[in-house]
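# Chain and residue survey
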Amino acid sequence: MKRIPDDVIRRLPRYLRMLDDMHERGETRVSSGQLSRQLGLPPSQLRQDLSWFNGPEQQAFTYDIDELRSALGKILGTYDEFSAILIGPGKIGSALLEHFNFIVDGYKVLGAFDASPDRIGTEIAGVKVYDIGELGDFVRDNKVDIAILTVPRGPAQALTDTLVESGIQAIWNFTNQELDVGDSGILVENVHFSDSLLALNYYLSQKKAKE
């Protein structure tokens, strides 16, 4: 399959979430116009995005919801079970473990890691908390695919260095710090909450300026 552009990949999870909601409501078919309106995108953009892969057959730009969900799930890897760990089960980390459905998105969380003696040996949403000192050996022994990093900025790079040396494949980074993984080829997905807020600031300022 040809390589799908990054900007298209960024939109596919939105399509999948919307289709999941429709599936839960018992809907079976959706038009490109209906789906694009709910997502705030031009119908032509949605059709162009879906044309990048061999999706389900369409009739007059209407799609079978379950078939389209399946096609998107395969593209996004939700049927592949990847292994994950979480480092730093504080407020953000604990909230992710308790409320984020990793299994649906194709991940099995094998453990969490913390330096606090009060947390080590406990469980959060069924996930055992291990001593941070065991991190490198655990990643190597279990061939962990992804590390979810929810620690403060201070120890972020040192922990990243340990992950790189241990053979991690990807990092989901919530530290608000750019991580240096050298030429390891490790994938890093940065989550900067302030970026979204600053973008909202801009649009709000523009709106107020027009009033």
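Structure: above.
Throughout what follows, the structure given in this document is the object of discussion. (Residues numbered from 1 in each chain as written. Predicted model: local features only at pLDDT ≥ 70, side-chain atom pairs only at ≥ 80, totals over all residues. Heavy atoms only, no water.)

### Details of the packing of helix 1 (residues 6–24) against helix 4 (residues 65–76)
Between helix 1 and helix 4, whose axes approach to 10 Å, the crossing angle comes to 145 degrees. Regarding helix 1 and helix 4, the two cross each other, and that crossing is left-handed. Contacts between helix 1 and helix 4 pair Ile9, Leu12, Pro13, Tyr15, Leu16, Leu19, Asp20, Met22 and His23 from the former with Ile65, Asp66, Leu68, Arg69, Leu72, Ile75 and Leu76 from the latter. Residue composition of the contact of helix 1 with helix 4, grouped by class: 12 nonpolar, 1 polar and 3 charged. (Axes fitted to C-alpha atoms, helices over the stretch in contact; angles between N-to-C directions. Helix = DSSP H or I, 4+ residues; strand = E, 2+ residues; numbered from the N terminus. Left-handed = near helix turned anticlockwise from the far one by under 90°. Contact = heavy atoms within 4.5 Å. Nonpolar A, V, L, I, M, F, W, Y, C, P; charged D, E, K, R; others polar.)

### Concerning the layout of surface pockets
If a probe as big as a water molecule is rolled over the atoms, it shows which places are left empty. The space that makes up the largest pocket amounts to roughly 1,900 Å³. Forming the boundary of the largest pocket are 41 residues, of which Ile9, Pro13, Leu76, Asp105 and Tyr107 lie nearest the centre. Only helix 1, helix 4, strand 7 (146–149), strand 8 (170–173) and strand 9 (187–190) provide two or more residues apiece to the lining of the largest pocket. When residues in the lining of the largest pocket are grouped by element, the largest group, 9 residues, is from helix 1. (1 Å grid on protein atoms, 1.4 Å probe; cavity = no way out; pocket = protein on both sides within 12 Å on 5 of 7 lines; lining within 4 Å. Points joined across faces, edges and corners; volume = space filled by probe spheres on them.)

### Quick word on the packing of helix 1 against helix 2 (residues 32–39)
Helix-helix packing is described using two parameters, namely the angle between the two axes and the distance between the axes. At their nearest, the axes of helix 1 and helix 2 sit 11 Å apart, and the two run at 110 degrees to each other. Between helix 1 and helix 2, the angle is such that the two are roughly perpendicular. In the packing of helix 1 onto helix 2, the handedness of the crossing is right-handed. Here Arg14, Tyr15, Met18, Leu19 and Met22 of helix 1 come into contact with helix 2, specifically with Gln34, Leu35, Gln38 and Leu39. A class-by-class count of the residues in the contact of helix 1 with helix 2 yields 6 nonpolar, 2 polar and 1 charged. (Parallel < 35°, antiparallel > 145°, perpendicular 65-115°, else oblique.)

Taken by themselves, the reported measurements are silent on function.
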